[in-house]
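Chain by chain, the residues run as shown.
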Amino acid sequence: MHTAHPRAALQRCARLIVGVAALTLPQLHAIIDRDENQQSDLWQLRFDTGNLAAAADPDGDGYSNLGEALAGTNPLDARSAPGLKLENAAGGLLQLRWPSLLGKRYELFTTSALNTAWASAGVYAGSDEDQLAPFSPAGLPAGFFRVAIADVDTDGDGLADWEERQIGFDPKRANTDGYGSATITDATRVATALGLLNTVTVFAIDPTTAENWPDPGLVAVRRTGNLDPIVVNFTLGGTATAGSDYQGPATASVALGLGVDEVWLSFVPRTDALVEGTETIVVTVAKGNNYTAGVANSATLTVADSPAGSVSAKEASRFLAQATFGATEPEIARVQQLGIAGWITEQFARPPQYHLPLVVQWQNELAAAIPASNAGSTERGEVWWRRALQTDAVSDPLRQRVAHALSQILVISDRNGSLDGTPRGMAAYHDRLLERAFGNYRDLLGEVTLHPTMGLYLSHLRNQKADATRNRYPDENYAREIMQLFSIGLWELNADGSRKLDGAGQPLPTYTNDTIASFARVFTGLSYGQRFTSGTDQTLIPTTRFFDSYGVAWEPMRGFDAYHDLEAKALLRGAVLPARTASVPDTGAATMADVAAAVDNLFNHPNTGPFLCRQLIQRLVTSNPSPAYIGRVAAVFAANGAGVRGDLGAVVRAILLDTEARSFARLAAVDQGLQREPFLRYVALVRALGGPTADGRRRGFRGLDGEFLQRAYSAPSVFNFYLPAYQPLGPLTDAGLVGPEVQITNGVTGITAPNRFYYAAQATLFQLNSSYQTDTALDTKIDPAPWLDDATSQPEVMVARLDRLFAAGQLSARSLRHICRAVRRLPDPLGTADPAIRTTRATDRFRLALHLVLISPEFCVLK
Amino acid sequence: MSRPISRRHFLRQSSCAAVGSTAILSTILNLRMAAASAAQSLPAAAAADDYKALVCLFFSGGQDSYNLLVPAGAEHAAYATTRGGVNNPTTNPGGLALAQASLLALPASAYAPFLLGLHPSMTGLHALFTRGKLALAANVGTLVERTTKAQYLNSTAKLPLGLYSHSDQQQQWQTSVPTENRTLGWAGMAADLLDAGNADRRIAMNLSLGGNNIWQSGRTLYPYSVSASASTNSGGVYSHTGGAVALAEYNNTTIGDTSRTASRTAAVNSLLGQQYQNLLEKTFATNFRDSLDNSALYTTALTGGAALTTKFPGETGYSADPAYVPNADPARGLASQLKMVVRSVAARGTIGHRRETFFINYGGWDHHDEVIATQAAMLDIVSRCLVSFYAALEELGAQNQVTLYTASDFGRTLTSNGNGSDHAWGGNHFVLGGAVNGGKVYGTYPDLSLTGPQIVTGRGVAVPSMSVDEYFVELALWLGVSPGNLADVLPRIGTFYTPGSAVPFGMMQL
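Here goes a summary of the coordinates provided. Keep in mind that this is a model prediction, so the values were computed, not measured. (Residues numbered from 1 in each chain as written. Chains lettered and ligands numbered in written order. Predicted model: local features only at pLDDT ≥ 70, side-chain atom pairs only at ≥ 80, totals over all residues. Heavy atoms only, no water.)

**Observations regarding the overall build of chain B**
Worth spelling out the cut-off: For the purposes of this entry, the term helix denotes a DSSP run of H or I that reaches at least four residues, the term strand denotes a run of E that reaches at least two, and both are numbered from the N terminus. Any residue under 20% of the maximum accessible area for its type is buried, any over 50% is exposed, and the rest in between are partly exposed; the area is computed with a 1.4 Å probe on protein chains only. Any two residues whose heavy atoms approach within 4.5 Å at even a single point are treated as in contact.
In terms of helices and strands, chain B carries 15 helices and 16 strands. In chain B, buried positions account for 60% of the 510 residues. Taking the contacts inside chain B whose residues are at least 6 apart along the sequence as the reference set, 73% of them involve residues at least 24 apart.

**A word on the state of the cysteines**
Residue and element names in this part refer to chain A. What counts here: We call a pair of cysteine sulfur atoms a disulfide when they lie within 2.5 Å.
Within the structure shown, the criterion is met by zero disulfides over all chains. C820 forms no disulfide, and the closest cysteine sulfur to it belongs to C860, at a distance of 18 Å. The buried category is assigned to C820, whose relative accessible area is 1%.

**Quick look at helix α8 (residues 186–194) of chain B**
Burial of α8 of chain B is extensive: nine of the nine residues sit out of reach of the surface. By the burial criterion, the buried members of α8 of chain B are W186, A187, G188, M189, A190, A191, D192, L193 and L194 of chain B.

**Here we look at the sheet that holds strand β2 (residues 69–71) of chain B**
Residue and element names in this part refer to chain B. So the rule is basically this: Paired strands, in this sense, are two strands between which DSSP finds at least two bridges.
One open sheet accounts for three strands, arranged β2-β4-β3; its pairing is antiparallel. Either end of the sheet is taken by a strand with one partner, and the two such strands are β2 and β3 (104–105). In this sheet, strand β4 (residues 116–118) lies alongside β3 in antiparallel orientation, the contact comprising two bridges. Of the residues in β4, the one forming a bridge with A105 is G117.

**Quick notes on the interface of chain A and chain B**
Heads up, the condition is: Salt bridges are defined as contacts in which a side-chain nitrogen from Lys or Arg sits within 4 Å of a carboxyl oxygen from Asp or Glu. Distance and chemistry together define a polar contact, namely a pair of N or O atoms within 3.5 Å, with one atom able to donate a hydrogen and the other to accept it when in protein, and with adjacent residues in sequence counting only for side-chain atoms on both sides. In this classification, Asp, Glu, Lys and Arg are treated as charged, Ala, Val, Leu, Ile, Met, Phe, Trp, Tyr, Cys and Pro as nonpolar, and every other residue, Gly included, as polar.
Taken together, the contact between chain A and chain B spans 93 residues of the former and 88 residues of the latter. Linking chain A with chain B are three salt bridges. In this structure, R260 of chain B and D844 of chain A form a salt bridge, with 3.0 Å as the shortest nitrogen-oxygen distance. For the pair chain A and chain B, the number of links is 33 residue pairs in polar contact (both at pLDDT 80 or more). Split into classes, the residues belonging to the side of chain A that touches chain B amount to 44 nonpolar, 34 polar and 15 charged.

**What about the packing of helix α16 (residues 477–484) of chain A against helix α17 (residues 513–522) of chain A?**
All names here are of chain A. As a reminder of what qualifies: Here an axis means a line fitted to C-alpha atoms, over the contact stretch when the element is a helix, while the angle between two N-to-C directions is reported on a 0 to 180 degree scale. A clockwise turn of the near helix away from the far one marks a right-handed crossing, whereas an anticlockwise turn of less than a right angle marks a left-handed crossing.
Following both chains from N to C, one finds α16 and α17 inclined at 115°, their axes separated by 7 Å at the closest point. Judged by the sense of rotation from one axis to the other, the crossing of α16 with α17 is right-handed. Between α16 and α17, the contacting residues are A479, R480 and M483 on the first element and N513, T515, I516, F519 and A520 on the second. Split by residue class, the contact of α16 with α17 holds five nonpolar, two polar and one charged.

**Regarding the pairing of strand β14 (residues 262–269) of chain A**
The pairing of strand β10 (residues 217–224) of chain A with β14 of chain A spans six bridges and is classified as antiparallel. Across the sheet, residue V219 of chain A finds its bridge partner in β14 of chain A, namely L265 of chain A.

**Focus on the nonpolar core**
What counts is decided by this rule: By nonpolar core is meant a set of buried Ala, Val, Leu, Ile, Met, Phe, Trp, Tyr and Cys residues that side-chain atoms within 4.5 Å join together.
Counting residues in hydrophobic clusters, the biggest one holds 161 residues, and the most contacted among them are W385, Y441, F486, Y682, L685, F806 and L850 of chain A. Per element, the largest residue contribution to this core is nine residues, and it comes from helix α30 (residues 835–855) of chain A. For F486 of chain A, the residues in contact, after removing those within four places along its chain, are I409, L410, V411, Y441, L445, M454, L458, Y478, E481, F611 and V718 of chain A. Core analysis: the next-biggest nonpolar cluster, separate from the first, contains 76 residues, L207, V226, V342 and F358 of chain B among them.

**Observations regarding unusual backbone geometry**
Most peptide bonds adopt trans geometry, and most residues besides glycine take a negative phi value. Residues and elements named next belong to chain A. Between V584 and the following residue, P585, the backbone shows a cis peptide bond with an omega angle of -10°. Mapped onto the secondary structure, P585 falls in the loop between β23 (576–577) and α18 (589–603). Here R462, not a glycine, exhibits a phi torsion of approximately 65°, which is positive. When you line up the elements, R462 lands in the loop between α15 (452–457) and α16. Take R462: its relative accessible area is 27%, and that puts it in the partly exposed class.

**So, helix α10 (residues 279–302) of chain B**
Residue and element names in this part refer to chain B. How we decide: Here the expected span of a helix is defined as 1.5 Å times the quantity of residues minus one.
If you check α10, its first and last C-alpha atoms are 33 Å apart, about what 24 residues at 1.5 Å a residue would give, namely 34 Å. Counting buried positions along α10 gives 17 out of 24 residues, so the element sits mostly inside the fold. Among the residues of α10, the N-terminal cap falls to N278, whose side-chain oxygen and the backbone nitrogen of L280 are separated by 2.9 Å.

**Some remarks on the sheet that holds strand β15 (residues 279–285) of chain A**
Residue and element names in this part refer to chain A. Read from one edge to the other, the open sheet built from five strands follows the order β9-β17-β15-β11-β13, with strand pairing classed as mixed. The open sheet has two free edges, formed respectively by β9 (208–210) and β13 (253–256), since each of these has just one partner strand. Within this sheet the neighbouring strands show an average axis-to-axis angle of 30°, counted without direction. Strand direction decides the pairing type here: β15 and strand β17 (residues 298–304), joined by six bridges, are antiparallel. If you follow T280 over to β17, its bridge partner there is T302.

Listed below in structure tokens is the structure:
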């Protein structure tokens, strides 16, 4: 079987020919050849060849300049050339190998004898890697192989794909990035550009830096005109000293390669102990070859001095994105003034801005003015916004934010009709979360358990002891969820939140169905504690009967021992509740003693700290905290420094001051951060830019949930809007990471959310959507006025300011560039003398920049 | 989200690009695309319209389905006793049993051991059962292995993780794997295998009306969400519309010097085209990009579908009753989602798929409270919507090409907790379509007395007698998964059924 022998086959197949002319594939485009030497000008610029004779072979590699131009190889380097080799391959196969370039097309031909016709044996798209074509030598006649190389012009714009790749154009779009008009194709642009002179300008696109937050300052060096490679010289001035105050470019020149129209100079601030005030770095374009400096020939960066403990504006913005509903410029200044720890301490001291009093006030006002308005849930939601947006001297943004996080763990929802019908009850529930946000989790868990809204939501309100004669048993709903969701979770945890495993590597359940049945018996005999006196007299009086009418959902439930299971009950970890005697008269004392002991039992379970702390970290800082981070915070939950367990204030402080929340280095970690809830992105926008309304109220917010699948207190179930362990398929799952908030981003909300931000940026934040409020002057809108000067004269500064406010200065250089370029494409405000048109144009620039920042991945992910 | 577009690009760039591959290539060169070996080819299309779609109607919350399918003969007595007696709003508000006389009886031929009936709200589905278009599956649930009452009671049974927990059981009903927190759903895995047979793979073949879900999440294909709008009012005529959503002021075909649209389009493309190192940013950008691409394609494709004359609940013309108010019909939300499925089926020619899956989430079944009244209202909605759904498929002539099945977290306790029921295990389900061997109840309906051989705990929990794998396997085979690939789709199928052998129940026309 000699035919199967690789060596024999190799010998018979050894005749290889590489054809570099377009022998069978037609030339698909007219190359740009201004010097009329048949070779692509872009190829000439790519290899810096100058004008070469087509037939010459200066590098002596056997291929003419014309051939190398078609192959896309370097005519001045013999190592860069077309070629075709035959090799042994695995499995007794042979393979052909040739260098392949992305954007070219290769066709393999074969023939058994040179005097017979060549037959095509396959077409291969170029790949920038050697192309391999294995084949079986069995049955193969002695043969010759030839590869023909040709250009491809996928978008038909007259520039070959290979050429477009050399200059960073899109081979699939005839007008690469939409610049120019529809009729100006890429080829036209290139042909025009090659005849122009270069003009170089510089812009500070990320102009503020600080010594203690080494996010680099960026200066863009831009050229318009030609595409040829140039070297731009510049000088560095200003009060800051290179080397000691900042690390700047190594040389005073920067190369713009073929087709490159913008490069960035990066300036990394350096920390020193000097007290020196804010210094400047000034970059100025200097003389050089093949360009002239444009009008904007210098750019200035600032380097803020950073005494120990001080906070840069970007760092403060990032902190406020974690700790509040979003940064505002005054709050950034406040954090810088107090320091992060000091700001937290100040927040702890501020009294809660409760919801219920305002709900009652607005309900009463509206009911008086418009009796048919049926005021209620709208006002409750509006109060939520009022508090979330509050920025005055008594505002409590940290508390409001933490309470919101708690509301996504201790979930009740107005999608339940009973709850939507009791806005005061829901507001009162939120007030519990506000009051305990820095208090003790034991108190909060107890208050949640006894809250009528929770009782309605998880159906333990009026839950009764078993009646075996009727096969009726206690409702297990609350018993299950207080364990699974509010305290200990399904699996035994280590102190760092990782699961304990048994000898077989399996996780250990924290409870069984028997435990549920037992806790269900605990949560019997609870009903309303307060009631209206009658249907018309709204004076509150204590309830006296389990089924009393007119119960109110904003006062705690009370026990009724007659309806409570008084038998002994097993709790977790060996605890047993004793059999109890019903109180006489029925004060519910036995019921309340059981409930309190059961809440204690759960609160003191070792799981509760890591289980709760992990979720709070996920809500505020990062979806994937390290076990060590969870462990550090859980340790504070276990003992706050004064030996107290469950101190939420200490937990919040530990979460926000942890190195995983604070360190600059974490910004570069691939797993840092969380996808911001679309709803909270919107809150951040309104907080930062929502102007005052005529009467200080915010209406129309209910229209948001369709676009975001989210609104405060409207989760689809007690499992919240998303699961803490949700793993979106793709890179996160591949890395074993979770992305809870990604669960509500889908093909619909992936578009409707950006559209909502578009509408907000272009038109209105909140629009009246109610039959009884029709004054559009009460709509909430963004006021562009403070942004128009920058939008007019230095849009880069405007974009950087938006970046700092919303994305904590984390927009990448590329993203800044894309946004700045988009903004500069709009009509120039300075291009007209008409002040009205100028304002319109500046406003357009602002709105576009704002929208792009708001939909950028760097804003939508809080790192 | 879907990733077919980026994967397509990947294939185009990395493989030998099928463009112009000649016969010689395949005879003398032993080239194989790596990706091709992983995919399963569909049989060559026998008919011009080789199309199949599987619809999962997920009743999230855990439906009390022992009141969906109920003993209608002598066994009703034990059922009624366990459930605390026949419900009567005044004399027995805590009783959860339905009156025997109220049941929609199934013929004796439907289930050999004894007589069964459907919930009185399900008149429309009862008629479809009688026509042989609907089959029921009794006492289905997640199982690690076949489990007996004795094993459960002496704790020797291997139980599903997080049994009785909503989140865990929803996940397991979507993955068919009760032994781990798997993120791959069985429809997603099937789609990964079958997508190669789709002529146009630019649009995701897993369309979701219920947002992101595990059921349709495969290794390479994700669910693509589309929206259904209930009761859009056009000049007083209410109809269900919907589809994909377009990004405002974004248009890849509009190119102008200085227009906002051109600027925004270019910037959005650039922002999303970057490589993000942070995995959350990368995920966000990918999802956004896929949404934009899919939305444009799907919107265009939908317009190619035939218009439907069948009216769904919530649409003008659904009811001849002059008092009927379309946009007040509580069925309009579910109806709009089912209509969206039918509209996609109608556009199958332009969408270019031979295989599709659809996910609908109809929640609100966690009836710890008020189970009698609420379930009656909700089953009425389900029944009316599915009648329109099936009629619309018949209008398209596609009724044999679409199969719908129901799923839910779990069944509920047979005993009452006052006026509701709690989380339990096995439950009853149904399968609808022209390819279903209908008019039958498959599986084993348990003895519902608290001492019955399948009933555990004092609360009346039914240990499933049919595993979800057995329930799904014929659906997977019908969709086109080959017996040899079943274990990829239903990883634990081997515990309950030997692929290639006779199917467990014969529920589907295979």
